[in-house]
Amino acid sequence: MDLQLKGKTALVTGASAGIGRAIAKGLAAEGVQLCIASRRRPLLEQLAEEIAAERGPRPYIAVTDAMQEDAPQKLTEDALAALGQIDILINCAGGITHMSLASAEKEWLDVMTLNYTRVRQLTFAVVPHMIEHNWGRIINVSGSSEPRGVEAGTAPKAAVHGFAKGLSREVAKHGVTVNSLSPGPGKINTEMTRRLYSEQFKKEFSEREIPVGRFGEPEEFAYLAVCLASPRASYITGNVIHVDGGAHRFAFT
Ligand SMILES: NC(=O)c1ccc[n+]([C@@H]2O[C@H](COP(=O)([O-])OP(=O)(O)OC[C@H]3O[C@@H](n4cnc5c(N)ncnc54)[C@H](OP(=O)(O)O)[C@@H]3O)[C@@H](O)[C@H]2O)c1
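Residues numbered from 1 in each chain as written. Predicted model: local features only at pLDDT ≥ 70, side-chain atom pairs only at ≥ 80, totals over all residues. Heavy atoms only, no water.

Draft legend 1. Structural detail: the nonpolar core. With 33 residues, the main nonpolar core has Leu5, Val12, Ile23, Leu27, Leu34, Ile88 and Ile90 as its most contacted residues. Elements represented by at least two residues in this core include exactly β1 (9-13), α1 (18-29), β2 (33-38), α2 (41-53), β4 (88-91), β5 (136-141) and α8 (218-229). Not counting residues up to four positions away in its chain, the partners in contact with Ile90 are Leu11, Val12, Thr13, Ile23, Leu27 and Ile139. One finds Leu80, Leu83, Val127 and Ala164 within the second-largest nonpolar core, a separate group that totals 24 residues. (Core = buried A, V, L, I, M, F, W, Y, C linked by side-chain atoms within 4.5 Å. Buried < 20%, exposed > 50% of the residue type's maximum accessible area, 1.4 Å probe, protein only. Helix = DSSP H or I, 4+ residues; strand = E, 2+ residues; numbered from the N terminus. Contact = heavy atoms within 4.5 Å.)

Right, here's the structure in full:
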């Protein structure tokens, strides 16, 4: 099936590694012109080389630390200058560490800033341009809605789900869809999960919690993001879709 993505443009945050990198490669393979963002320039350059070698359109690079207060505005301006317009926004920059009742307040604030506040701010900076063009796709890489305890990711990812749902209702009439894709409570093999979980944990958790029986690969996650970015996905909006090997337990989330 032709996903009708050739000639579209996309800004992908968190593109240097893991899920964001796989989504960037998936979009580029469909002929999407990318602006790829994260902090590590060498990894972005390596990705741009790979995409160009595979005959995709060479991505523009925007080295960005999302924790900087002006990052959303500056990244939007840089991406617009490079791409002309932003048809597709992939909000994937983020990260979670192990936290507990004893974690410092600054850690809680930082995890909220990176995983929610900057996502909202970047989306709000980009969405007026999508409305102007009467077309857009916003895809958030979020996380689990099923906390097992005091987990760093629960509140910011739930906030992403809530704001995305509200926004989807306002912008649908302008041809803009907004969806969130959740890898949790399943797990995708990335730098983050390699850092957080031992091989022993992975094995036991997969056997106990993931019906598919293993962690997923970033490409298995990226597939759905590429489909949702397509003009063909025009009737899918306001959703949280789990790409988690069947791990979430509630039937109606
Ligand atoms: N893998 C999972 O199972 C899982 C589960 C739940 C949620 N998630 C979510 O999925 C998203 C992608 O995670 P991943 O698993 O692919 O992790 P990853 O391999 O560690 O990738 C994280 C990406 O975010 C970027 N990033 C982190 N901090 C940043 C900052 N301050 N400024 C700009 N970019 C920043 C990183 O780039 P630089 O280091 O180059 O800046 C990297 O490209 C995250 O939002 C994460 O919370 C993943």
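Draft legend 2. View of the environment of Lys202. With respect to the helices, strands and loops of the structure, Lys202 is situated in helix α7 (residues 199-209). Take Lys202: its relative accessible area is 16%, and that puts it in the buried class. For the pair Lys202 and Lys187, spaced 15 residues apart in sequence, the C-alpha separation works out to 8.9 Å. Leaving out residues up to four positions away in the same chain, Lys202 has contacts with Asn189, Tyr197 and Phe215. Side chain to side chain, Lys202 and Asn189 meet in a polar contact 2.8 Å long. (Polar contact = N/O pair within 3.5 Å; in protein donor to acceptor, adjacent residues only side chain to side chain.)

Draft legend 3. Looking closely at the sheet that holds β4. The sheet built from seven strands is open, its strands ordered β3-β2-β1-β4-β5-β6-β7 with parallel pairing. In this open sheet, the two edge strands, each paired with only one partner strand, are β3 (60-63) and β7 (239-242). With direction set aside, neighbouring strand axes in the sheet form an average angle of 15°. Relative to β3, β2 runs parallel, the two sharing four bridges. Within β3, the residue paired with Ile36 across the bridge is Ile61. Sitting on the sheet, helix α3 (residues 71-83) touches β1, β2 and β3, and the angle it makes with β1 is about 145°. On top of the sheet, helix α4 (residues 105-133) reaches β1, β4, β5 and β6 (176-182); it is set at about 175° to β4, its chief contact. (Pairing = 2+ DSSP bridges. Axes fitted to C-alpha atoms, helices over the stretch in contact; angles between N-to-C directions.)

Draft legend 4. Main features of the site of the ligand. Close to the ligand lie 30 residues, the nearest being Ser16, Arg39, Ala66, Ile188 and Thr190. One of the backbone N or O atoms of Ile19 is found 2.9 Å from an oxygen atom in the ligand. Protein contact buries 94% of the 890 Å² of open area that the ligand shows by itself. With three residues, helix α6 (residues 191-196) is the largest single contributor of residues to the shell around the ligand. Tallied by class, the residues present in the shell around the ligand amount to 13 nonpolar, eleven polar and six charged. (Near = heavy atom within 4 Å. Areas by Shrake-Rupley, 256 points an atom, 1.4 Å probe, with all protein chains shown as cover. Nonpolar A, V, L, I, M, F, W, Y, C, P; charged D, E, K, R; others polar.)

Draft legend 5. Representation of the side chain of Ser38. Tracing the chain through its elements places Ser38 in strand β2. One polar contact links Ser38 to Ser16, side chain to side chain, over a distance of 3.1 Å.

Draft legend 6. Region of the structure containing the state of the cysteines. One pass over the structure, following the stated rule, counts zero disulfides. With no disulfide of its own, Cys35 has Cys92 as its nearest cysteine by sulfur position, at a separation of 15 Å. Under the relative-accessibility criterion, Cys92 is labelled buried at 13%. (Disulfide = S-S within 2.5 Å.)

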